[in-house]
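Overview (structure and organization)
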Amino acid sequence: MPASLISRRAVAVPAGRPVTALATVVLCVTLLCAAPPATAAPEGAVPHGAPAETPADRAHRDFLDHGPKAGVMTVAHRGQWRKAPENSIAAIRAGFADGAGIVEVDVRLTRDKVPVLMHDERVDRTTNGTGRVADLTLAQLRGLRLRVGLGGRQAAVTGERVPTLAEAILAARTLGLVNLDRAWQDREAVWRVLQETGTVRNGLFKSRAPVPEVRAFLDGHRDALYMHVVDDANAVSVAEFGTARPPAFEVVFDDVRDKVAAPAFLQELRATGRVWFNTMREGYAARFTDEASLIDPARGWGALITHYRATVIQTDNVEALRSYLTTGVADPVPPGAVRVQGEDYAPGGRGRAYHDIDPGNRGDGPGRPGEDVDICDHDGAVVVCWMRGSEWLTYGVDVPKDGRYTLKARASSPYAPAGTYRLAYDGGPPGRAVPLANTTAHHAFVLQDSRDPRQLARGHHHIRLSLDAGAFQNWNLDYLQLEPVAP
């Protein structure tokens, strides 16, 4: 079925394991309160004076649990970069605060061999500086500032600094586990940081290295937490581990026909450990992506859990995944609101439903046959793309009740400014120019309020979204959402 015809409905799955509340330890000062009669401690109670279990303790225990009732764990990719710069301390804390049990970070060594957090070889995309991490000292990196979100040269600079691994792992010490991506080649330096900070239980190593190399590391680092990455090229490595398998396997497949995507292979992995999938972009788990999940969870997270035995999912949409795992709904429409997909513009053809200055569909998505609106597929998000000044689209919406409404656009762009549009209701004059914000990447969609509220009567309405001819335009439209404005 074409993606443009699939509604954003939710498919419920069993909720993950409920979180046990922390036990409360009450301290009684001698001579100021009487000792209670001796009784048996309630089952599960924390012994007097013992430290309460932390979220990190639970995450460690859950990660090692591969039983049939093990819930699905959530991993925040590069931290919660939607609320703070990727790979920053703030992004790590936000990822855990939004419900992730594991946060993924990327580790590289500075010129003076200090492990720091940075995804790229260079600092250009995510900071206000330039150069290779390996050519810069820690002191030089300390002079840089991180850019918002996923960065880019037009993204705003923040006050956040590039953190060392020691700072990052200490920030996570009581909050959860840390997936140490890109750390295997520098594993000894990383291991020293974990030992020195007392966070060996927090750090999760991963690699697709030959099994003898992995065994040698684990034999010499008995408490190390490790996950193995498998795809069709090294699927045999699972058998090479014998009975001493790691507690999790990260499975990578770009086609459902791959060997590692076969039910029997995944069932074998699931029998002895956790099965981990990445859903940020297409190709990590075929087309089962975050954005496909937001349209319909059965096209992403739901399929991976039900058919591919997933018990760990790494995502760029932490809050939506947590919502799906706990409620069965990934991207709920607010009460009283109306949502329409960008590609579901009104019928009627050129000059009536749309105006597009380029012939044909310039995108790679499922556009309407014979029409010229550009439709792209951004990792499962079906969007209007190749936006240009003077173009316009008309949408039909059914307003549920009389009231005042504001229109929001879920849009993306790495540019600042990204563009502007105007809204006209039911053939009326266009409103004021609405600027689109830089979201730091073409695949980083953000719901942005037009702040142009209108009084609408219950019933059917037409909304024309027109792009200013004199403004720079380079953005993508996922959907429009008409929301009631509180009195």
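Below you will find a few notes about this structure. Computed from a predicted model, the values in this text were never measured in an experiment.

1. Considering the sheet that holds strand β16 (residues 419-425)
The strand order across the open sheet formed by 5 strands is β11-β14-β20-β16-β17, and the pairing between neighbours is antiparallel. Each edge of the sheet is formed by a strand with only one pairing partner; in this case those strands are β11 (354-355) and β17 (434-436).

2. Points about the state of the cysteines
Per the counting criterion, the structure on display carries 1 disulfide. In this model, C376 is linked to C385 through a disulfide, with the two sulfur atoms separated by 2.0 Å. Residues C376 and C385 are joined by a disulfide whose S-S torsion is about 80 degrees; by sign, that bridge is right-handed. Given a relative accessible area of 6%, C376 falls into the buried group.

3. Remarks on helix α6 (residues 211-220)
In an α-helix, one full turn covers 3.6 residues, which means residues spaced three or four apart are oriented alike. Within α6 the residues assigned to the buried category are V211, V214 and F217. Each buried residue of α6 lies within a common arc of 125 degrees when the element is viewed along its axis, so the set occupies one face. Structural note: α6 exposes P212, A216 and G220 on the side pointing more than 90 degrees away from its buried face. As for α6, its buried residues are in contact with α5 (187-197), β5 (203-207), β6 (225-230) and α7 (237-240).

4. Some details on the nonpolar core
Formed by 62 residues in total, the largest nonpolar core has its most connected members in L180, F205, V251, F253 and F277. Counting residues per element, this core draws most heavily on helix α11 (residues 318-327), at 5 residues. Contact partners of F253, with chain neighbours within four places excluded, come to D258, V260, A261, F277, G283, Y284, A285, A286, F288, L304 and Y308.

5. Some thoughts on the environment of R215
Position of R215 relative to the elements: it lies in helix α6. For the pair R215 and R245, spaced 30 residues apart in sequence, the C-alpha separation works out to 10.0 Å. Among residues more than four places away in sequence, those in contact with R215 are E240, F241 and G242.

6. Focus on the pairing of strand β4 (residues 177-181)
Most of β4 is tucked away: 5 of the 5 residues are buried. Burial of the side chains of β4 extends over both faces: L177, N179 and D181 are buried on one face and V178 and L180 on the other. Relative to β4, strand β2 (residues 102-109) is paired through 5 bridges, and the arrangement is parallel. If you follow V105 over to β4, its bridge partner there is L180. In this structure, β4 lies alongside β5, joined through 2 bridges in parallel fashion. Residue pairing in the sheet places N179 in a bridge with L204 of β5. With α5 bridging β4 and the parallel β5, this β-α-β connection has right-handed handedness.

7. Remarks on the side chain of N278
Note on placement: N278 falls in strand β8 (residues 274-278). A distance of 3.1 Å separates polar atoms of two side chains, one belonging to N278 and the other to E250. Looking at N278, its side chain comes within polar contact range of the side chain of W276, at 2.9 Å. Contacts of N278, omitting those with residues within four sequence positions, involve E250, Y284, A285 and Q314.

What counts as what
Residues numbered from 1 in each chain as written. Predicted model: local features only at pLDDT ≥ 70, side-chain atom pairs only at ≥ 80, totals over all residues. Heavy atoms only, no water. Pairing = 2+ DSSP bridges. Helix = DSSP H or I, 4+ residues; strand = E, 2+ residues; numbered from the N terminus. Disulfide = S-S within 2.5 Å. Buried < 20%, exposed > 50% of the residue type's maximum accessible area, 1.4 Å probe, protein only. Arc of directions from axis to C-beta. Contact = heavy atoms within 4.5 Å. Core = buried A, V, L, I, M, F, W, Y, C linked by side-chain atoms within 4.5 Å. Right-handed = clockwise from strand over helix to strand, strands pointing away. Polar contact = N/O pair within 3.5 Å; in protein donor to acceptor, adjacent residues only side chain to side chain.

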